[in-house]
Amino acid sequence: MAGEVQPAILDVRINGLSQPAPRPLLRRGAQLLASAPDFAAWRLVRPATAALQRDGTDYYDLRALPGAQLQLDEGAQSVDLSVPAEAFTLGTVHAHAGDRPPLSPSAFGAFLNYDLALQHDREGTRASGYFDAAGSRDWGLGGTTLVPGQSAFGGRGTTRLDSYFRRDDPARLTRLTVGDTITQAAAWSTPFRFGGVQFGTRFGLQPGFISYPMPTLRGGAAVPSAVEVYVNDTLRYQRRVDAGPFALSDVPVLTGAGEMRFAVTDALGVQRAVTTPYYVSSNLLRAGLSDYSLEAGWTRLRYGERSFDYGPPFVAGTWRHGVNDGVTVEARGEASSRSQTAGAGVTWVWGTLGELSLHGAASRSRDGGSGRLWRAAYTRTSDEWSFSVGHQVASRGFTQIAWHDSPVHTDAQTQLFAGRSLGRYGTLGASHTRLRYNTGEHIGVTTASWSIGLGGNAWLGTSVAHTRQDGKRSITSVNVSLSFTLGDRQHATLSVQHQKPGGHSAVAEWVQQPPNDTGWGYRLRAADGENARSEAAVDWRGRYGMLTAEAARAQGQTAVRLRASGAVGFAGGVGFATRQSDDAFALVTVPGAAGVKVYRENQPWTTTDSEGRAVVSGLRAYEPNHISIDNGDLPIEAQVRSDVLRVVPRYKGVAQASFDIALDTVANVTVLLPDGSPLPPGIDVMRPARGTSLLSGFNGLVSVDDPQPNERFEARWKSGHCRFTLGEPDRAAGALPSMGPYRCEPVPSSPR
């Protein structure tokens, strides 16, 4: 009957591709019905309404799919379904997706970076230095920086710079800082140093995290196909996609304007290509993503001169939010007893035309004054052209906390820049900047430049700059420089400058950088003209630090300086000395293995001490770092599960890198025959309990790995058969303890 429902187990092919296992479908007249789980398995979009419900399961008519063509083969018990790409559910592929390994367990560590200098000149001999001390574990990081000796401001003694406690949460992308730090500024505001509390987002805690919108490519394929993505005619990504529409997001592109092209190739080699322009700005936030910072404390005064000079208290906050992938809004407010300031702004991208931003702010002072600030900017960058223009102006009564203790600040500025890439003919650039200070003074600087590469190892650069300042003569300078690369570590520079009014000067410099591991480097520099000066320096980069000797002569005077920099520390009970490190460390443990070479990213770094421990410096915080050891340095009885570990340390933290080493005891067992002579060499010695065999050596020696007390062995050869039992092994006797001798008792032969 036409309305009767009949089961049908059929092989299903969709767009010519066989689907796994025959499916139990239903037939009702001309309808061929499939269940909801079948539609999900085939990634087909279900029709709006079910055609039938049976035993609590919804069934849908395959003919109801848009553009569907269905061919049933009764004899072969199969059905061919042809549908367009739109009939499949959307598949989303993240081109930039990657695993984010968890943080490694941390050991307690404390270290001190130092930079010491001893200088002698006509005024005498002076010593100075810089110290950065910190201690960390899983609970966070605490540190302080100090400058002893004579400071740049003429003071003497020791000056504290910053002291802080910091706790990062990479999973939530947040950072808490208690102590000295710097405020997070808006586009229109000026950051300032303070002591107090700061909490907010830090996208850098997840290296590779992209906070700004990336272009998404949308397409479709009727059958599984290969997709290739080209950015400005360069292949950036390729992979296979399933049948149906797809959205390819997070394709790695450069910021600015560009062109993306993706090609879809099916199994038959048929290719379709689609080209689309894009514009990416790192100043935007992804849709729905927020960036914020909350701050409260006391402003720092005379930073670098006084250790504990703080101003009045304040509170401040900044918030940015991606409304969509083309618009980001932001707001900031700050308040103290002297003033209150608030502002807001919006940044958006107009298709491929570029990026525009508008900001405004208002302030009120304790003395009753008030003021306004506004800012507008436009930017467009591409492979060939770059252009930006910005203007910011504040009224006379406008203020913000960063200006309170600054006698001079900029209350109006205009900036204009244009650049053009000429390909093999170099790059042109021109800019104009005009500043107006609160003192009423105006300064304008106009520049033009051209640079070009010569032969792959030389660069020529030219520039012209014109500076105008109220009450002073205009200054025009022309500069020409030529740089050479003379190998992996050597480069030389020649430059000539002419200034009007003024004179000319010429500088020649030759530099050889020290190698990355250990070795020498040097620098020679000579200048004539108004700034005539001769300099020479020699560097020694070692495993534990860097030493520098410098000499300079100018205006008939000579000065010499010696510098030493490096770091000392303590990590997990191990003291160490190394080069200066502003990032992270690893405490390597190779149990019971002394003198084992330890490698950082396949580069030899250090060796383990007598307890099998070592400290590796220079690791990248919050990123995977690879620590490995040389298997050849391990004892012969040692077995290592993996000789490469991936560690992810915290900032200035000490990640634990413990290698899983198993030490198997191997004993030299002496076996004697009943007559007291040694067991002959080359005889099979069976271990019945393990189902394995050993081979006897000279003088009756048998090497037994992992010997167990009362373990039985049997020796069998052409003219004999005997059995012996081990005693208690002495595991403290070393890697190859001696056991025995044991008498191998004869085993009677079985009666025939």
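See the structure shown above.
Right, let's walk through the structure included here. These numbers come from a predicted model, not from an experiment.

### Structural notes on the side chain of R175
For step 1, the next point in the chain: Following the sequence through the fold, R175 ends up in strand β15 (residues 174-182).
For step 2, the next point in the chain: Of the polar contacts made by the side chain of R175, one reaches the side chain of D168; its length is 2.6 Å.

### Comments concerning the environment of T347
For step 1, the next point in the chain: Counting through the fold element by element, T347 comes out in strand β26 (residues 339-349).
For step 2, the next point in the chain: Along the chain, T347 and L358 lie 11 residues apart, while their C-alpha atoms are 6.6 Å from each other.

### Some thoughts on the pattern of salt bridges
For step 1, the next point in the chain: Taken as a whole and judged by the stated rule, the model has 32 salt bridges.
For step 2, the next point in the chain: Note that E623 and R620 form a salt bridge whose closest N and O atoms lie 3.2 Å from each other.
For step 3, the next point in the chain: A network of salt bridges, in which partner residues are shared, links R523, R533, E535, E550 and R561.

### With respect to the sheet that holds strand β43 (residues 597-600)
For step 1, the next point in the chain: Reading across the sheet, the 4 strands line up as β44-β43-β46-β48 and stay open at both edges, with antiparallel pairing between neighbours. The outermost strands of the open sheet, each flanked by one partner alone, are β44 (603-607) and β48 (644-647). Averaged over neighbouring strand pairs, the angle between their axes works out to 30 degrees when direction is ignored.
For step 2, the next point in the chain: Pairing analysis gives 4 bridges linking β43 to β44, with the strands arranged antiparallel. Across the sheet, V598 pairs through a bridge with T606, a residue of β44.

### A look at the pairing of strand β42 (residues 584-589)
For step 1, the next point in the chain: Here β42 lies mainly inside the structure; 5 of its 6 residues are buried.
For step 2, the next point in the chain: As judged from the 5 bridges shared by β42 and strand β45 (residues 613-619), these two strands associate in the antiparallel manner. If you follow L587 over to β45, its bridge partner there is V615.
For step 3, the next point in the chain: Bridge count for β42 against strand β49 (residues 654-658) is 5 bridges, and the pairing is parallel. Pairing of L587 across the sheet is with Q656, part of β49.

### With respect to the sheet that holds strand β10 (residues 106-107)
For step 1, the next point in the chain: Across the sheet, 4 strands lie side by side as β10-β49-β42-β45; this open sheet has mixed pairing. Bordering the open sheet on either side are β10 and β45, each of which pairs with just one other strand.
For step 2, the next point in the chain: Two elements, β10 and β49, share 2 bridges in a ladder whose sense is antiparallel. From the neighbouring strand, S106 faces β49, where its bridge partner is A655.

### Focus on the environment of F387
For step 1, the next point in the chain: Mapped onto the elements of the fold, F387 is located in strand β29 (residues 385-394).
For step 2, the next point in the chain: We classify F387 as partly exposed; its relative accessible area is 34%.
For step 3, the next point in the chain: Each C-alpha atom of the pair F387 and E295 lies 35 Å from the other, and the pair is 92 residues apart in sequence.
For step 4, the next point in the chain: Excluding anything up to four places from it in sequence, F387 contacts Y378, T379, R380, L416, F417 and A418.

### Some remarks on the nonpolar core
For step 1, the next point in the chain: Membership of the largest hydrophobic core comes to 21 residues, with the highest contact counts inside it found for I14, W42, L44, L62, L81 and V83.
For step 2, the next point in the chain: Ranked by residues supplied to this core, first place goes to strand β1 (residues 5-14) with 4 residues.
For step 3, the next point in the chain: If we skip the residues at most four places from it in the chain, I14 touches Q19, W42, L44, L81, V83 and F88.
For step 4, the next point in the chain: Membership of the second largest hydrophobic core comes to 20 residues, among which are V616, I629, V647 and I661.

### Some words on the state of the cysteines
For step 1, the next point in the chain: The final tally for this structure, using the stated rule, is 1 disulfide.
For step 2, the next point in the chain: Between the sulfur of C722 and that of C744 lies a disulfide, 1.9 Å long from S to S. With the S-S bond torsion at 95 degrees, the cross-link from C722 to C744 turns out right-handed. With C722 in strand β56 (residues 720-725) and C744 in the loop between β57 (738-743) and β58 (745-746), the pair connects residues that are 22 residues apart, well separated along the chain.
For step 3, the next point in the chain: Of the residues examined, C722 reaches a relative accessible area of 2% and is grouped as buried.

### Brief notes about the packing of aromatic side chains
For step 1, the next point in the chain: A full pass over the atoms with the stated rule returns 13 aromatic pairs.
For step 2, the next point in the chain: Seen from their ring centres, F203 and F209 are 5.5 Å apart, and the 20 degrees between their planes marks the pair as stacked.
For step 3, the next point in the chain: On the accessibility criterion, F203 (16% relative accessible area) is buried.
For step 4, the next point in the chain: Plain terms: the ring middles of Y378 and F387 are 6.3 Å apart, the flat faces sit at 50 degrees to each other, and that makes the pair tilted.
For step 5, the next point in the chain: Overall, Y378 belongs to the partly exposed group, its relative accessible area being 23%.
For step 6, the next point in the chain: Taken together, F111, F576 and F585 form an aromatic cluster joined through their ring pairs.
For step 7, the next point in the chain: Taking NZ or CZ as reference, R166 lies 5.2 Å from the ring centre of Y164, over its face.
For step 8, the next point in the chain: In this structure, R193 is placed above the aromatic ring of Y303, and the distance from its NZ or CZ to the ring centre is 4.0 Å.

Conventions we followed
- Residues numbered from 1 in each chain as written.
- Predicted model: local features only at pLDDT ≥ 70, side-chain atom pairs only at ≥ 80, totals over all residues.
- Heavy atoms only, no water.
- Helix = DSSP H or I, 4+ residues; strand = E, 2+ residues; numbered from the N terminus.
- Polar contact = N/O pair within 3.5 Å; in protein donor to acceptor, adjacent residues only side chain to side chain.
- Salt bridge = Lys/Arg side-chain N within 4 Å of Asp/Glu carboxyl O.
- Pairing = 2+ DSSP bridges.
- Axes fitted to C-alpha atoms, helices over the stretch in contact; angles between N-to-C directions.
- Buried < 20%, exposed > 50% of the residue type's maximum accessible area, 1.4 Å probe, protein only.
- Contact = heavy atoms within 4.5 Å.
- Core = buried A, V, L, I, M, F, W, Y, C linked by side-chain atoms within 4.5 Å.
- Disulfide = S-S within 2.5 Å.
- Phe/Tyr/Trp six-rings, centres within 6.5 Å; stacked < 30°, edge-to-face > 60°.
- Lys NZ or Arg CZ within 6 Å of the ring centre and 35° of its normal.

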